[in-house]
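Observations on the three-dimensional arrangement
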Amino acid sequence: MNNVTLEYSIVTNPDSFVGFKYYVKAGQAFDADDFAYSYKLKRSDLDPDSVLATREAAENLRPGEWLTVSHSIAA
């Protein structure tokens, strides 16, 4: 059904880490299975295009950057 779209932003200030959020550190790969598990989502519901875009964004992080990943669910 692919009704879960991933959204991300790049963060450079670790002090902004507040609450439960999913972060990917520079040099690490985005793991869609782990993300789905963390938010109790079905992996098959994640939009494949947004998963690919998130993986590519994580690959392009520079030292000192983190990717904050969140999601939205289409009604």
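Look a little higher up for the structure.
One structure accompanies this document, and this report is about it.

Cut-offs and rules
- Residues numbered from 1 in each chain as written.
- Predicted model: local features only at pLDDT ≥ 70, side-chain atom pairs only at ≥ 80, totals over all residues.
- Heavy atoms only, no water.
- Core = buried A, V, L, I, M, F, W, Y, C linked by side-chain atoms within 4.5 Å.
- Buried < 20%, exposed > 50% of the residue type's maximum accessible area, 1.4 Å probe, protein only.
- Helix = DSSP H or I, 4+ residues; strand = E, 2+ residues; numbered from the N terminus.
- Contact = heavy atoms within 4.5 Å.
- Pairing = 2+ DSSP bridges.
- Axes fitted to C-alpha atoms, helices over the stretch in contact; angles between N-to-C directions.

1. Re the nonpolar core
One finds Val24, Phe30, Phe35, Leu46, Leu67 and Val69 to be the most contacted residues of the largest nonpolar core, which totals 16 residues. Secondary-structure elements contributing two or more residues to this core are strand E1 (4–11), strand E2 (22–25), helix H1 (32–38), helix H2 (48–59) and strand E3 (66–73).

2. Quick notes on unusual backbone geometry
Even without being a glycine, Lys40 presents a positive backbone phi close to 55 degrees. Inspection of the secondary structure puts Lys40 in the loop between H1 and H2.

3. Regarding the environment of Val4
Inspection of the secondary structure puts Val4 in strand E1. On the basis of relative accessible area, Val4 is assigned to the buried category, the value being 3%. Sequence separation between Val4 and Ala53 is 49 residues; the distance between their C-alpha atoms is 14 Å. The contacts of Val4, once residues within four sequence positions are left out, are Leu41, Asp45, Leu46, Asp47, Ser50, His71, Ser72 and Ile73.

4. A short note on the sheet that holds E2
Read across the open sheet, the three strands follow the order E1-E3-E2; overall the sheet is antiparallel. Lying at the two open borders of the sheet, with one neighbouring strand each, are E1 and E2. Between one strand and the next, the sheet's axes are offset by a mean angle of 30 degrees, whatever the strand orientation.

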